[in-house]
Amino acid sequence: MGLFEHLISLFSIRKVNTFHVIYFSLAAVVVYLVLSVVWNLFFHPLRRFPGPLLARASTIWYRIAGFQANKAHWIHAAHSRYGPVIRVAPNELSFADPAAVRQVYTSKEFVKAETFYRAKTIYHENHVFSIRNIEDHHSRRRLLNKGFSLAALTDFESSLSIKIRTLLDQWAMRTRENPTIEVYPWLYYLSFDTIYHLLFGVDPECVKTGQSHEVMQYMTAWRMTYIYKELIPSLERWGIFMPATVGDTFRKVRKWKFYAMEVVRSARMKDAKTPFLQNVLHGEDSSFGRPLNDSELAEECMGAMFGGTGTTANSFIYLLWATLQIPEVVKSLQQELRMKFPDRKTVPDFLACSKLPYVQAVISETLRLYPTIIGTQPRTATEDALVCGVVVPKGTTVGIQNYTIHRNADAFPDPESFRPSRWLETNSEASLNKMREVFVPFSVGRHACLGKTLAEFELTVLVAAFFLRFDATVDPTMLHGGMKMEDRFSAAPIGRSLVLRMQERLVEE
Ligand code: HEM
């Protein structure tokens, strides 16, 4: 007699109907859930680690936090309550100890966590961000590095300067009559134009026209699909067949893929000459032993478009938000810039601005307090490992979030204050080293940001050109609540808005 028949005879059921099947199925699910909670709380290898009860018992805590785009904030609050090593899901630990950063992110014992990064594929192919295998990732990185190198960016600098000048001309023109301006979309236009032009050699001219590009709505949709895919990985295949809003997001991502394939095909036909395309169209991905095909290359382009747009745009948005509320910071910034560049309308070159200590301190302080990759970057232990003296069993996922370690009070006293001068007034090499150890906005190790140099170029030149040319303040209608960092892995202000009052000032009054 089978188990099902046995249960039926036990409950004296003569004839099985649909109701019984549903009833027993539900009962089986409840029993399974209860047993897994008991296992997670009392028998799991991580049972001794502290953390919120719901997080130790099930993945619900982690999933709700993810859905609400609040994961980084919840984990941060849990660290304050439970200590530097906490359990944030039955099989996941979070470390707030700065020493953990390099032990995890530069070690071969840890690989990208499967569910989290598989969900970050865009449409049916892996790209450099989602590849987990160490050798495969290495060969893909080798293929892409050249397109984002310092040499490629130095060649591209004049195009970037033109875009920044066009943006500031737009702002100057629009604020002549009325000084109030919504800058949020404009900064997306600038970073999108920049990455697109760098990749494909064509300027989409969002800044020039003041219009969004169709790809931007696809990228917004993608931010939701990876939350859904983390929950149900098979949506990668089936998402486009889902009804309503959920299906719409997947269908938009499919449109983005078609768009990217078209761009790649046309680049192939024209044998496009940007450093990125030169390398990827002709170079081999050594783990495939061949160049990337159109679909694989389209996916890399989509990854770079996404990686290069919101990250830099939001960093500058937070830089303006934080800086413009502190008149002394603005004054120091403008003094340094105006001493060096007498022409206020100039868009200075990167090399000169990269040596200006206060400009660099303002950028560092922004990336410290508002790291756009705000949350955990989860890795899975491929063998038993030791992190900060704690044994991490094989198969455990661990993560360290920049939002938390960048607020380490030992390295950054009074961590919630935006204080650029902290980067300049350190009086010992030891305290500077401590700050450097903890400060990892672009991550470290083999998965560190591919676009770091591009982001630094863009931010540095933009900060310099903006503060040379404009006097600005945050509009009084802006509320702190609207600037809360929404954690969808890459963070953005929850209100999607930054309204400023600004005035072009070309001479001292
Ligand atoms: C201020 C701006 C930026 C910040 C703070 C930032 C931060 C980061 C961080 C922390 C990672 C590691 C993520 C992880 O391991 O899960 C990363 C990876 C990456 N970033 Fe950025 N990023 C920025 C701008 C850019 C730009 C402009 C691009 C343009 C292409 C870019 C492309 C990438 C790519 C492709 C990866 C994956 C690298 C790999 O796994 O090998 N990022 N970024």
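What you see is a predicted model, and the numbers here were worked out from it, not measured in a lab.

## Re the packing of helix H4 (residues 60–67) against helix H5 (residues 71–82)
It is at 7 Å that the axes of H4 and H5 come closest, and there the two elements cross at 135°. Judged by the inter-axis angle, H4 sits oblique to H5. Mapping the contact onto sequence places Trp-61, Tyr-62, Ile-64, Ala-65 and Gly-66 in H4 and Lys-71, Trp-74, Ile-75 and Ala-78 in H5. Of the residues that constitute the contact of H4 with H5, the class distribution is seven nonpolar, one polar and one charged.

## Here we look at the UniProt feature "transmembrane region" (unreviewed entry) in the protein
Mapped onto this numbering, the UniProt entry annotates "transmembrane region" (unreviewed entry) at residues 21–42. The span residues 21–42 is 100% helix and 0% strand, and its two end C-alpha atoms sit 31 Å from each other.

## Notes on the sheet that holds strand S8 (residues 397–399)
Read from one edge of the open sheet, five strands run S1-S2-S8-S5-S3, paired in mixed fashion. At either end of the open sheet lies a strand with only one pairing partner, and these are strand S1 (85–89) and strand S3 (110–112). Adjacent strand axes in the sheet meet at a mean angle of 35°, parallel and antiparallel pairs treated alike. As judged from the four bridges shared by S1 and strand S2 (residues 92–95), these two strands associate in the antiparallel manner. Within S2, the residue paired with Arg-87 across the bridge is Leu-93. Helix-sheet contacts for H5 involve S1 and S2, and the interaxial angle to S1 is about 140°.

## Focus: the packing of helix H10 (residues 184–200) against helix H22 (residues 452–469)
Here H10 crosses H22 at 135°, and the two axes come no closer than 12 Å. Accordingly, the angle class assigned to the pair H10 and H22 is oblique. Judged by the twist between their axes, the crossing of H10 over H22 is right-handed. Facing H10, whose interface residues are Leu-187, Leu-190, Ser-191, Thr-194, Ile-195 and Leu-198, H22 presents Leu-454, Glu-458 and Leu-462.

## Some details on the nonpolar core
In terms of nonpolar packing, the biggest core is built from 152 residues, with Phe-95, Trp-171, Leu-187, Trp-256, Leu-320, Phe-466 and Phe-467 touching the most fellow members. Looking at this core, the element that brings in the most residues is helix H16 (residues 294–323), giving 15 residues. Setting aside its immediate chain neighbours within four residues, Phe-466 contacts Leu-168, Trp-171, Phe-316, Leu-320, Ala-472 and Met-502. Residues Trp-61, Tyr-62, Ala-78 and Ile-86 belong to the second largest nonpolar core, which totals eight residues.

Rules used throughout
Residues numbered from 1 in each chain as written. Predicted model: local features only at pLDDT ≥ 70, side-chain atom pairs only at ≥ 80, totals over all residues. Heavy atoms only, no water. Axes fitted to C-alpha atoms, helices over the stretch in contact; angles between N-to-C directions. Helix = DSSP H or I, 4+ residues; strand = E, 2+ residues; numbered from the N terminus. Parallel < 35°, antiparallel > 145°, perpendicular 65-115°, else oblique. Contact = heavy atoms within 4.5 Å. Nonpolar A, V, L, I, M, F, W, Y, C, P; charged D, E, K, R; others polar. UniProt positions renumbered as here; feature names shortened; annotations may be inferred. Pairing = 2+ DSSP bridges. Left-handed = near helix turned anticlockwise from the far one by under 90°. Core = buried A, V, L, I, M, F, W, Y, C linked by side-chain atoms within 4.5 Å. Buried < 20%, exposed > 50% of the residue type's maximum accessible area, 1.4 Å probe, protein only.

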